[in-house]
Amino acid sequence: MTVSRPWQLGLRVVGLAYLALLLFVPVALIFYRTFEHGLGAVWESITTPAAIHAFQLTLEVTLIAVPLNTLFGIVMAIALARGRWRGKGLVNALIDLPFAVSPIVIGLSLVLVYGVHGWLGGALTDAGIQVIFSVPGIVLATIFVSLPFVVREVTPVLKEIGDDQEQAAATLGAGAWTTFRRITLPSIRWGVAYGVVLSVARCIGEFGAVSVVSGKISGQTETLTLLVEKRFSNFDIAGAYAASALLALIALATLLAMTAIKPRREEGDA
Amino acid sequence: MSATSAPLAPAPPARAAAGSRSAWRSHSGALGLGLSTLWLSIIVLLPLSAVVAHSLDGGIGAFWDAVTTRQALAALRFTVLISLATALVNVAGGTLIAWVLVRDRFPGKRIVNALIDLPFALPTIVAGLTLLTLYGNRSPVGIDIAFTQLAVLVALLFVTLPFVIRSVQPVLIELDREMEEAALSLGARNATIFRRIVAPNLVPAVLSGAALAFARAVGEFGSIVLISGNIPFHTQVSSVYVFKLIESDAPTSAAAVSTVLLIVSLVVLLAIRGLGRWGARHDR
């Protein structure tokens, strides 16, 4: 179907205008607003002790959540793509829950398990462990929301490449670990990398679930996204913009990484 | 980010594993499966069952009362309607943009294409602040829609932008152009070709993208919280309502409304899987 030139131009203009009004102009404007008063003020605002702590906490939480979910993701993807077992369809569906459930419900669910009056609250209090309104709660919330990314990236790659090479390796006497390390892992590495990039972006950016469980104590349980909200509510608009610009830069870096990895991932085992 | 369309997209039915494996392998496989299922249960299933269990703490009557207060019903109605509107606008806008990105050629197309995924990479609170900067009371272009239902719609359109585009794009790329050329040579006009050949092929992808957008919109919180003003009976969505209930220490009511939201998510999730199967059949 070849559309006529005027139609083609019309569609292009409408499509790009929609994108500009919704996405490009707002995001450009936030950078403009951030830097309109010069770099110095921005630098000061993102190097206050609270901001530095928020940045460190965000990084720490991400560094715990992403490796755990990557490990889970690879193992689960192999089980889903290669194994035959009862309940596979159900597990496959349940993995998507973190994408479909509201972050606020996720936050509440953790409070109801680990909070003072939660299922495990009594036992945890007796043991002197505080989860809710503390860093472990933030970690649990972050792991929850970023759980599906690696599984969902790696499973289709595994199905695509099939298991011929793995079987050949096994026939030639390679053990399970050797087969995984020498055959499976090299062919799924770009799928894993893509999933990791998505997980990192989600971990750094999570707001709703974290805001329910964190308690938002400045310098203790405040992540970067929570800092943005607090500064905005305290009418420190410039400060909110500065922290937002930092997060937006991380998001743009994520896009760059995605664009770099995507073609390799699609080559599969090449 | 195909990931964002892929995650909820159902996997094709598993092929039967060919051949047999050494006992060693199946043992390590069983161990891995056990551990990863345990992880899934502790991280996801245990907390979500706590929500459902807690919502019934005061009995079924209390549950019903909590989800049928005027404010809860108003929030739920607004959430579902605004999410439907979001999905509908995405059907039109997303399909159009996917078309432009696949069939049109213009300078900077690759950059535009890469930026489509930005709403997935950008933290939602930053998205909200971003929109408030352009469309709030300090708007440089004089458009102030803050604290209106339209503002909620704009925020939802922002965060759900990639779903339909990313789900339609690959189908449009794969679409066999020979069919269209054949129709053209047989004298069909563009409108007919679109209606009879292009559209039917896109329907499953458009619908599953729209369902993903709907699911995302129902649960969305971060991008809405600043721009909606959270006005009860007007711009308050269910997720923000639940947040207020948690803050005012009413966890049982919060759990009840959350359970309703969970049911909505589950239904949409199942619908998407169904759509995926239908799409896969459509392919053959």
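Definitions and limits used
Residues numbered from 1 in each chain as written. Chains lettered and ligands numbered in written order. Predicted model: local features only at pLDDT ≥ 70, side-chain atom pairs only at ≥ 80, totals over all residues. Helix = DSSP H or I, 4+ residues; strand = E, 2+ residues; numbered from the N terminus. Buried ≥ 20, exposed ≤ 12 C-beta atoms within 10 Å, placed from the backbone. Core = buried A, V, L, I, M, F, W, Y, C linked by C-beta atoms within 7 Å. Domains from an automatic or database assignment. Contact = placed C-beta atoms within 7 Å. Axes fitted to C-alpha atoms, helices over the stretch in contact; angles between N-to-C directions. Left-handed = near helix turned anticlockwise from the far one by under 90°. Nonpolar A, V, L, I, M, F, W, Y, C, P; charged D, E, K, R; others polar. pLDDT = per-residue confidence, 0-100. Expected span 1.5 Å × (residues − 1). Bend = angle between axes of the 7 residues up to and from the residue.

Novice: Which parts of the structure should I look at to understand the overall build of chain A?
Specialist: Secondary structure summary: chain A contains 14 helices and zero strands in total. Listing the helices and strands of chain A from first to last along the sequence gives α-α-α-α-α-α-α-α-α-α-α-α-α-α. By residue count, 51% of the 270 residues in chain A fall in the buried class.

Novice: Explain unusual backbone geometry to me, please; I cannot follow it from the model alone.
Specialist: A negative phi angle characterises most non-glycine residues, just as the trans form characterises most peptide bonds. Residues other than glycine seldom take positive phi values, yet K216(A) does so here, at roughly 55°. Here K216(A) is to be found in the loop between α12 (208–213) and α13 (224–233). Residue classification places K216(A) among the partly exposed residues on the basis of 16 C-beta atoms within 10 Å. One non-glycine residue, F233(B), lies in the positive phi region at around 65°. Its place among the elements puts F233(B) in the loop between α11 (222–227) and α12 (238–247). Here F233(B) falls in the exposed class, since 12 other C-beta atoms lie within 10 Å of it.

Novice: I'm lost on the nonpolar core in this one. Help?
Specialist: Generally speaking, soluble globular proteins have nonpolar side chains that are buried together. Counting residues in hydrophobic clusters, the biggest one holds 168 residues, and the most contacted among them are L108(A), A141(A), F144(A), V228(A), A155(B) and V242(B). Here this core spans two domains, and each of domain 1 (1–36) and domain 2 (49–267) of chain A adds at least three residues to it. Beyond its immediate chain neighbours, meaning those up to four positions away, A155(B) contacts G128(B), L131(B), S223(B), I224(B) and I227(B).

Novice: It is not clear to me how the packing of helix α10 (residues 164–171) of chain A against helix α11 (residues 176–205) of chain A should be interpreted in this structure. Could you clarify?
Specialist: For any two helices packed against each other, one specifies the crossing angle of their axes together with the interaxial distance. Residues and elements named next belong to chain A. For the pair α10 and α11, the least separation of the axes is 10 Å and the interaxial angle reads 150°. Pair α10 / α11 crosses with right-handed handedness. On the side of α10, the interface is formed by Q165, E166, A169 and A170, while α11 contributes T179, R182, I183 and T184. When its residues are assigned to classes, the contact of α10 with α11 shows three nonpolar, three polar and two charged.

Novice: Would you mind showing me how to read the interface of chain A and chain B here?
Specialist: Accessible area lost upon the coming together of the parts serves often as the stated size of an interface. Listed by partner, the interface residues are 84 residues for chain A and 83 residues for chain B. No other element matches helix α1 (residues 5–35) of chain A, which puts 15 residues into the side of chain A that touches chain B. Tallied by class, residues from the side of chain A that touches chain B come to 58 nonpolar, 17 polar and nine charged.

Novice: Sorry, what's going on with the domain arrangement of chain A here?
Specialist: Residues and elements named next belong to chain A. Per the domain assignment, the segments of chain A are domain 1 (1–36) and domain 2 (49–267). With centres defined by C-alpha atoms, the gap from domain 1 to domain 2 works out at 32 Å. In this complex, domain 1 contributes five residues to the contact, which on the side of domain 2 involves five residues. When grouped by side-chain class, the residues that make up the side of domain 1 that touches domain 2 number three nonpolar, one polar and one charged.

Novice: Please clarify how α12(B) should be interpreted in this entry.
Specialist: The periodicity of an α-helix, 3.6 residues per turn, causes residues three or four positions apart to be oriented the same way. Residues and elements named next belong to chain B. Burial within α12 is extensive, with eight of its ten residues counted as buried. Among the residues of α12, those classed as buried are S238, S239, V240, Y241, V242, F243, L245 and I246. Looking one or two residues past α12, D249 carries a phi angle of roughly 55°, positive in sign.

Novice: Please clarify how the environment of W119(A) should be interpreted in this entry.
Specialist: Along the chain, the position of W119(A) falls in the loop between α6 (103–114) and α7 (121–126). Taking the number of C-beta atoms within 10 Å as the measure of exposure, W119(A) has 17 and is therefore partly exposed. Once residues within four sequence positions are removed from consideration, W119(A) is found in contact with V113(A) and A50(B).

Novice: Explain the confidence of the model for chain A here, please?
Specialist: Detailed reading of the predicted coordinates is not advisable wherever pLDDT is low. Here chain A averages 92 in pLDDT, while 97% of its residues score no lower than 70. α6(A) holds the highest mean pLDDT among the elements of chain A, 97, whereas helix α4 (residues 88–94) of chain A holds the lowest, 88.

Novice: Explain helix α4 (residues 70–103) of chain B to me, please; I cannot follow it from the model alone.
Specialist: Between its first and last C-alpha, α4(B) extends 49 Å over 34 residues, near the 50 Å set by a 1.5 Å rise per residue. The axis of α4(B) is deflected most strongly, by about 30°, at N90(B).

Novice: Help me understand the confidence of the model for chain B in this model?
Specialist: Residue and element names in this part refer to chain B. This prediction gives chain B a mean pLDDT of 87; 89% of its residues lie at or above 70. Note that pLDDT drops below 50 for residues 1–24; the model gives that stretch 52 contacts with residues more than four away or on any other chain. Overall fold confidence (pTM) sits at 0.90, and the ipTM for the predicted complex is 0.92.

Novice: Just checking my understanding: could you explain the environment of L255(A) for this structure?
Specialist: Summarising the element assignment, L255(A) is placed in helix α14 (residues 237–267). Judged by the 20 C-beta atoms lying within 10 Å of it, L255(A) is buried. C-alpha separation for the pair L255(A) and V75(A), spaced 180 residues apart in sequence, amounts to 26 Å. Ignoring any residue separated from it by four or fewer positions in sequence, one finds L255(A) in contact with A114(B), D117(B), L118(B) and A121(B).

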